[in-house]
Amino acid sequence: MSEPVIHKTTPANKMVLTMGLVATICGVLIVGAFEGTQAPIAENKRIMVERAVFKVLPGAATVREYAATATGIQPLTGAMPEGGVKFYAAYDQAGVLKGIAAEGAAKGYSDTVRVLYGYDVQCQCIIGMGVVSMRETPGIGDKIITDQAFLKNFEALDVRVNTEMTALANAVKTVKHGTKTNPWQIDAIAGATITSKAVGRGINESAQKLLPKLVPHIAELKP
Amino acid sequence: MSLPNPADEGITFDTFMEGVWRQNPVFVMVLGMCPVMAVTVSAINGISMGIATTFVLTCSCFLVSLLRKLVPKEVRIATYIVIIATFVTLVDYLIQAGSLALYEALGAFIQLIVVNCIILGRAEAHASRNPPLKAVVNALGMGLGFTIGLFALGGTREILGAGKLFGISLFGEHFQPWVVMVLPPGGFFVLGGWLLLFALFRGKAAEGGHTHGA
Amino acid sequence: MSIELRTSPHQVSDRSVPTIMKHVVLSLLPVCAFSVWQYGLSALALLLTITATCLLTERLLNRSAGQPSTLGDWSAAITGVLLALTLPPSFPLWMGVVAGFVAIAIGKALFGGLGFNVFNPALIGRAFVQAAFPVAITTWVPAFSAQRFTELVPTTLTAPLMMPPEIVDWVKQQAVDAFTGATPLARWKFENVVASTYDLLTGAVTASAGETSAILILVCGLYLAARKFMDWRIPVAVLASAALTAWLFQWYDPAHYPSPTFVLFSGGLMLGAVYMATDMATSPVTPLGVWIYGAVIGVVTVMIRYFGGLTEGVMYAILLGNALTPFIDLYTQPRVFGTRQQGKKK
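Quick one: what's the story with the interface of chain A and chain B, residue by residue and with numbers?
Between chain A and chain B, the residue contacts involve 23 residues of the former and 27 residues of the latter. Taken over both partners, the interface formed by chain A and chain B buries close to 2,200 Å², and the fraction arising from carbon and sulfur atoms is 78%. Run the count over chain A and chain B and you get zero salt bridges. Taken together, the connections running from chain A to chain B amount to two residue pairs in polar contact (both at pLDDT 80 or more). The residue inventory of the side of chain A that touches chain B, partitioned by class, reads 14 nonpolar, six polar and three charged.

Here you go:
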């Protein structure tokens, strides 16, 4: 292109043809990559879920995904049914139900705090809590995964469902540091109240939605 | 950019080194600052982002250069974007298949490689005027320069913000982390510091009679 | 009789920048002395270390920029002393060095030195360490402990780059009555306990050195204002607007919001209003602008205290006021004599 070409325009069909050719090459590349990586991605996601669930439900060996709806519970395959809540049922080596894990989320100090909690069927309480993702201030908000006193809240957090099976008997609530009196309360970390409250709210919202639907059908999970 | 770019000039050492030193994307051109600020909280994040960008940059430049005589100038930007977006999608899948933890750490910034101005800039300014091999060599150099920049920021922020490098503790367990360094303001402080250092180096090198490139 | 011929100005004030700055430093000495009497050796060590760091940084940067030394204008000393007064007395010395370096290097030298800085350098230093070391900057020790002149707080001599040790047990040994480890503002915010005005005035509360001597600061400020070393309108505007805002809130809901006296005498409001907001380089020059600037700082301070995530808002309020200063100056320029105001017809 040594001389300036001013009036020459490319015919439309050539443009369409070139774009079509480029799009085809790109399409083939993307489909190829998708096919090649689909299996490892699914495997990675499964391992990640398992690891998170095993952390909140010690002793578990396998995990199955379920959906709880107004009418009952069913294994989750494909899309989530209308109004369904996802949860994980964890079994130990012998195939005995170890507990239920589910995710809760609430707005923290700088972004949504997503937590996974483990529910024990016998004591009807939460026996473990892990953080799935958060962007809380390092050194302050992120104490929710290191503060031993705070984690003690989740060794037996009461989440019994009321007798009408409509909601939790007592809403899970984060209270000011040092004022926890009831087993359904969470003692906040001093100086990280906002993040502590987010954890409480996330668990409460999720448990209020899930447990009333799940508890009447819990026997179906036992093999 | 209207740099004199004679297409018949062969591949020289400077074709590669241009991006590393004379036109370093981070320290000299200050391009693509969005990922530079956002993902460089640790050395490994910086390097991963750098490699992902290098991959997209090199592949895109290769394809753009290959098709350079075919693509009409009216639709060239649209074509480049389609090509770049394709390789970004590939990288997205590859990182997910490799490590989900890394994928979560880099977050939306993998997809945002599409709009990284370095890539479109190189496709337009270099790859569309040069033969494939030369375009690839130049893109690799640019990618390396970008990766070095991200590593420099990520490393500094990880050392100060967590007392670690590549996750290995450097100062023992009593180290006091500088929380600000892993927060957004820390990115600006560290980038400012590196720009200052790089400008000093370049100033010294120029005084010493070294001339880089043409 | 010899007649000297020269061009204007014919009358030169003997007030130079160094004179003013020197008087500000002198007026700060009683406040420093009070803080040392209150907190002992640790407060003294922090004051000396930070001031020395500021002076050293200023000298080094002068040298590297090939400028003559600007230590003589006393401004680096003011920055150092003010910075030290805003930090907890137990603050590790190495973090104090970081704060002092950032204050001078980033807060002042980067903009071109004294007079060119956009923000108050001492507050830049404090903002940096607040963001970097949020735990250390909210760790408090009791005032008037018995051993304060014989031993240092364990955190003071923390090795560089290392985390300060836990001092809960050490504080208990000091056996000072009713020590809570929280500042009056934090206690109000999280526990709804309002400290008594008497305690606030006498410094019998937990806080950083410069926060506990409101009366003393006020007196020193009066001296500076009386000798016209600072613009009296700024502290008056800041304190009045803060008090007015607090009074409005209390009138709206007395159960929930504290009295204006508590707002005025708690936290760093007094120090900020008298010594930091009045920094000549970073405050407006027109009389009307000064009133606006002071009012913004007062209102924002109270808003941050009441509704923000932090317990104290003076620092960010002043930094915000500094950022607004060029605009305030632009819009409050008085009409030049003999000219018409833009857009107005006679």
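Now, about the side chain of Asn138(B): what can you tell me, with residues and values included?
Take Asn138(B): it is sitting in helix 7 (residues 132–162). Look past the residues within four positions of Asn138(B) in its chain and what remains in contact with it is Thr15(B), Glu18(B), Arg122(B) and His126(B).

Give a detailed account of the domain arrangement of chain C, specifying residues and quantitative values.
All names here are of chain C. Per the domain assignment, the segments of chain C are domain 1 (16–139 + 141–176) and domain 2 (181–330). Computed from C-alpha coordinates alone, the two centres of domain 1 and domain 2 are separated by 20 Å. Tallying the contact residues gives 31 residues for domain 1 and 32 residues for domain 2. Between domain 1 and domain 2, roughly 2,700 Å² of surface is buried when both sides are summed, and carbon and sulfur atoms account for 71% of that area. Between the two partners, domain 1 and domain 2, sit zero salt bridges. One can count three residue pairs in polar contact (both at pLDDT 80 or more) joining domain 1 with domain 2. For the side of domain 1 that touches domain 2, the secondary structure elements donating two or more residues are helix 1 (17–39), helix 3 (75–86) and helix 5 (121–132).

Let's hear about the packing of aromatic side chains: which residues, and what values?
Residue and element names in this part refer to chain C. One pass over the full model with this rule turns up 22 aromatic pairs over all chains. For the ring pair Phe-34 and Trp-37, a centre distance of 5.9 Å and an interplane angle of 50 degrees mean the geometry is tilted. In this pair, Phe-34 and Trp-37 both sit in helix 1, three residues apart, roughly one turn of the helix. Relative accessible area serves as the criterion here: at 17%, Phe-34 is assigned to the buried category. A ring pair is formed by Trp-232 and Trp-291, whose centres lie 5.9 Å apart and whose planes are at 80 degrees; its orientation type is edge-to-face. On the criterion of sequence distance, the pair formed by Trp-232 in the loop between helix 9 (214–226) and helix 10 (233–252) and Trp-291 in helix 13 (residues 287–307) is long-range, its members being 59 residues apart. We classify Trp-232 as partly exposed; its relative accessible area is 43%.

Lay out the nonpolar core in plain terms, naming residues and giving numbers.
Counting residues in each nonpolar core, the largest one holds 138 residues, and the members touching the most others are Trp178(B), Phe128(C), Val129(C) and Tyr275(C). Looking at this core element by element, the count peaks at 10 residues for helix 4 (residues 76–98) of chain B. The residue makeup of this core includes at least three contributed by each of domain 1 (16–139 + 141–176) and domain 2 (181–330) of chain C. Setting aside anything within four residues of it in sequence, one finds Phe128(C) in contact with Trp178(B), Val180(B), Met181(B), Phe189(B), Val98(C) and Val102(C). Formed by 39 residues, the second largest nonpolar core is a distinct cluster that contains Ala68(A), Ala89(A), Ala106(A) and Met129(A).

Give me the lowdown on the pairing of strand 2 (residues 72–75) of chain A, citing residues and values where you can.
Examined bridge by bridge, strand 1 (residues 62–69) of chain A and strand 2 of chain A share four bridges and lie antiparallel to one another. Paired with Thr69(A) across the bridge in strand 2 of chain A is Gly72(A).

Before we move on, could you go through a positive patch on the surface and cite the residues and values that matter?
All names here are of chain A. A surface patch of positive charge is lined by Lys-173, Lys-176, Lys-197 and Arg-201. Here Lys-197 lies in helix 3 (residues 193–214). Residue Lys-197 is classed as partly exposed on the basis of its relative accessible area of 40%.

Quick one: what's the story with the sheet that holds strand 3 (residues 85–91) of chain A, residue by residue and with numbers?
All names here are of chain A. A sheet is described by the order of its strands in space; here seven strands give the open sequence 2-1-3-4-5-6-7, paired in antiparallel fashion. With one partner strand each, in any of the chains shown, strand 2 and strand 7 (157–158) form the two edges of the open sheet. In terms of strand pairing, strand 3 meets strand 4 (residues 97–107) through four bridges, oriented antiparallel. Pairing of Ala-89 across the sheet is with Ile-100, part of strand 4. Against the sheet, helix 1 (residues 12–56) makes contact with strand 1, strand 3, strand 4, strand 5 (112–120) and strand 6 (125–133), and its axis sits at roughly 60 degrees relative to strand 5, the strand it touches most. Strands in contact with helix 3 are strand 1, strand 2, strand 3, strand 4, strand 5 and strand 6; relative to strand 4, the strand with the most contacts, it is inclined by about 130 degrees.

Rules used throughout
- What you see as residue numbers is a count from 1 along each chain, following the sequence as written.
- Chain letters and ligand numbers both follow the written order, the letters beginning at A and the numbers at 1.
- The predicted nature of this model means local features are confined to residues of pLDDT at least 70 and side-chain atom pairs, given and counted, to a pLDDT of 80 or more, with totals for whole chains, interfaces and linings taken over all residues.
- Each side-chain value is worked out from all heavy atoms of the structure, with water and hydrogens disregarded.
- In what follows, residue pairs with any heavy atoms lying within 4.5 Å of each other are defined as contacts.
- Each of two parts loses accessible area, computed with a 1.4 Å probe, when they are put together; buried area is these two losses added.
- When a carboxyl oxygen of Asp or Glu is within 4 Å of a side-chain nitrogen of Lys or Arg, the pair counts as a salt bridge.
- Polar contacts, as used here, are pairs of N or O atoms within 3.5 Å; protein pairs need one atom able to donate a hydrogen and one able to accept it. Residues neighboring in sequence count only if both atoms are side-chain atoms.
- For this classification, Asp, Glu, Lys and Arg are treated as charged, while Ala, Val, Leu, Ile, Met, Phe, Trp, Tyr, Cys and Pro are nonpolar and the rest, including Gly, are polar.
- Segments assigned H or I by DSSP are reported as helices when at least four residues long, segments assigned E as strands when at least two residues long, and all are numbered from the N terminus.
- Source of the domain bounds: an automatic or database domain assignment.
- Working definition: a ring pair exists when centres of Phe, Tyr or Trp rings (six-membered ring for Trp) sit within 6.5 Å. Plane angles under 30 degrees give stacked, over 60 give edge-to-face, the rest tilted.
- Burial classes: relative accessible area under 20% of the type maximum marks a residue as buried, over 50% as exposed, and values in between as partly exposed (1.4 Å probe, protein chains only).
- Grouping buried Ala, Val, Leu, Ile, Met, Phe, Trp, Tyr and Cys residues that are joined through side-chain atoms within 4.5 Å yields what is termed a nonpolar core.
- Being paired, for any two strands, means DSSP has found at least two bridges between them.
- Patch construction takes residues with relative accessible area above 30% that form no salt bridge. Like charges are linked within 9 Å, and nonpolar side chains (Val, Leu, Ile, Met, Phe, Trp, Tyr) are linked within 5 Å.
- Each accessible area is a Shrake-Rupley result for a 1.4 Å probe, and residues are judged covered by the shown protein chains and nothing else.
- The charge count treats Lys and Arg as positive and Asp and Glu as negative. His and the chain ends do not count.
- Here the site of a charge means atom NZ of a Lys, CZ of an Arg, CG of an Asp or CD of a Glu.
- Comment: axis = line fitted to C-alpha atoms, over the contacting stretch for helices; angle = value between 0 and 180 degrees taken between N-to-C directions.

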